[in-house]
Amino acid sequence: MKTIFFSIPIGRYARSLLRSRLLAGILSRRDMRAVIVSTAARDPSFVKEFALNGQVLFEPMGAADKEEGFCRALLWKCGRRLRGSRTPYLLAMKMHHWLATRSEPIQYGEMFQKHQPALLVTAGCGLHTTQDLPLIREARNWKIPVLCVVHSWDNFSPIKDTLRVRPGYLAVWNPLMKEEVVRTWHFPENRIWVVGPLQFDHYYEEQTFESRDAFFKRLGLDPRKKLITIAGYYLRNLRGDCLHVVEHLRRAMREGKLAEPSQLVCRFHPIMFQKETKWELPACPDVTLDLKGRISPTLGWDPDLAESRHVANLIKHSDVLVNVASTVTIEAALLDTPVVNVAFDPQNAGAFKTHILKRHWEYHFRPVRETGASRIARDEFELIQRVNEYLKDPSLERQERAALKERICHYLDGKTHERVTALIQSLTVHNAKER
């Protein structure tokens, strides 16, 4: 019996690794069992959701990675600056790992001894959280292979602060990501597998979607009107609420400037729900605020299957989706929903230009621009113009959206969980022979 450790420090990892049918796939194999190491291991609702009739064991995750000392911080900064040269970069990262393992207390020795895991599976190695870095380092010290099933399509962009601990293996969405991680982070090409996006498998399940009438009724929307959805973005140094976009479109509706009678749904980035923010939208009967986002005291934003299906239906039944530079653009391409990307923010003009236009749009969002899968709005006039173009003809850029979803998701069959399950099986067999 082979034991697979799942590292779940935050809710986003639970979404991709546990709620994607991957966990069920692992347990369907008689020679495997699962142990979930999580900050929510003592949360009764979390345990109830994933215990699967007692087939899964739970272990608490220890304290977060403590503040780095001067030497570790210096090595990390040097490593990032030396990424253009493979040998100096890898040497700096090796020394960084060596210092980290000797400056941190051993938290998981008894747990590894007790369960004797064959593999540790995580969804990130320092990008979204440092909570599980000690666990990953402990696995490396025990010579337990680590598989990182990469959470998002942008995680290996050069602007991201990723791979603080190098796993043994990577599972990525598409060949573009594979090329990027080899080029940018000097990861061995023969240890990277292209599998597709785990958290999008539900887009290919019939039970995910409800009819337009049923969905509109549940949200209190008018089925006689078109639906324009505005998706906010999240950056630490920007507000990201897109209220200026709401105001422009609300005014256009009021003044009769939209091509079709329409209504707005504004959905902020769920991570912003964790902040103590008072959301205020202009009083208007055709503006609906969508705050459906589950927040866990231990996992932060913790989207369950109901929330994921809600977002899928919102995107599917929208006539136009408006956002800045979000993953919902990819989800819209999966469902052939037209997208307008907003390239202006008068409230945060300087920061927006630096962090969005010069960084995100030039790096991880480049495939969207290169395929031409969306229309760009650089001011209020273009915003209304682009929305109207799609309201009149939603077939515009249909081929480009198809090209984008193939380029980013690669596999369009909803079977990523099967490929990752097979990969885990093969890695445990391979490493068992090596040991």
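Up top is the structure these notes are about.
Cut-offs applied
- All residue numbers refer to positions counted from 1 along the written sequence of the respective chain.
- Reporting in this predicted model follows two pLDDT cut-offs: at least 70 for local features of residues, and 80 or more for side-chain atom pairs to be given and counted; totals over whole chains, interfaces and linings ignore these cut-offs and use all residues.
- Hydrogens and water molecules were not included; the side-chain quantities draw on all heavy atoms of the structure.
- Put simply, a nonpolar core is a bunch of buried Ala, Val, Leu, Ile, Met, Phe, Trp, Tyr and Cys residues held in one set by side-chain atoms that sit within 4.5 Å of each other.
- Classification of residues uses two cut-offs on accessible area relative to the type maximum, computed with a 1.4 Å probe and protein chains only: under 20% is buried, over 50% is exposed, and between them is partly exposed.
- The contact criterion used throughout is that any non-hydrogen atoms of two residues lie within 4.5 Å.
- Only when DSSP finds a minimum of two bridges between them are two strands counted as paired.
- Strands here are runs of E lasting at least two residues and helices are runs of H or I lasting at least four, both read from the DSSP assignment and numbered beginning at the N terminus.
- In this description, a line fitted to the C-alpha atoms serves as the axis of each element, helices being fitted only across the stretch in contact, and the angle between N-to-C directions of two axes falls anywhere from 0 to 180 degrees.
- Residues adjacent in sequence count toward polar contacts only when both atoms are side-chain atoms; beyond that, a polar contact is any pair of N or O atoms within 3.5 Å, and within protein one must be able to donate a hydrogen and the other to accept it.
- Note on definitions: the grid is 1 Å and covers protein atoms alone; a cavity is a set of points where a 1.4 Å probe fits but cannot get out; a pocket is an open set with protein on both sides within 12 Å along at least five of seven lines; lining residues have an atom within 4 Å of a point.
- Grid points are joined across faces, edges and corners, and a volume is the space filled by probe spheres set on the points.
- When residues are grouped by polarity, Ala, Val, Leu, Ile, Met, Phe, Trp, Tyr, Cys and Pro land in nonpolar, Asp, Glu, Lys and Arg in charged, and all others, Gly among them, in polar.

K.L.:
When you look at the nonpolar core in this model, what are you seeing that I'm missing?
P.N.:
Generally speaking, nonpolar side chains in soluble globular proteins are found buried as a group. Ranked by internal contacts, the top residues of the largest apolar core, which has 85 residues, are Phe-156, Leu-170, Leu-249, Val-322, Leu-383 and Val-387. Ignoring anything within four residues of it in the chain, the contact list for Val-322 reads Ile-228, Thr-229, Ile-230, Ala-231, Val-245, Leu-249, Val-340, Val-342, Leu-383 and Val-387. With 36 residues, the next largest nonpolar core counts Ile-26, Ala-41, Phe-46 and Val-56 among its residues.

K.L.:
I tried to follow the sheet that holds strand 4 (residues 119-122) on my own but got confused; where do I start?
P.N.:
In a beta sheet, neighbouring strands are held together by backbone hydrogen bonds and run either parallel or antiparallel to one another. Sheet architecture is open: 7 strands sit in the order 3-2-1-4-5-6-7, paired in parallel fashion. Looking at the sheet topology across the chains shown, the edges are occupied by strand 3 (56-60) and strand 7 (192-194). Across this sheet, the average inter-strand angle for adjacent strands is 25 degrees, counted without regard to direction. The pairing of strand 1 (residues 2-8) with strand 4 spans 3 bridges and is classified as parallel.

K.L.:
Looking at this structure, I do not really get the side chain of Ser-7. What am I missing?
P.N.:
One can find Ser-7 in strand 1. What makes Ser-7 buried here is its relative accessible area of 0%. Side chain to side chain, Ser-7 and Asp-132 meet in a polar contact 2.9 Å long. Setting aside anything within four residues of it in sequence, one finds Ser-7 in contact with Tyr-13, Leu-17, Val-37, Met-61, Leu-120, Val-121, Thr-122, Asp-132 and Leu-135.

K.L.:
I would appreciate a short explanation of the layout of surface pockets in the present structure.
P.N.:
Over the atoms, a rolled probe matching the size of one water molecule traces out where space is still vacant. Here the second largest pocket is characterised by a volume of approximately 480 Å³. In terms of lining residues, the second largest pocket is bounded by 20 residues, among which Arg-140, Arg-166, Pro-167, Gly-168 and Arg-191 are the most central. Of all the elements, helix 5 (residues 86-103) adds the most residues to the lining of the second largest pocket, at 5 residues. Tallied by class, residues from the lining of the second largest pocket come to 10 nonpolar, 4 polar and 6 charged.

Interpretation note: all reported values are geometric properties and have no functional meaning in isolation.
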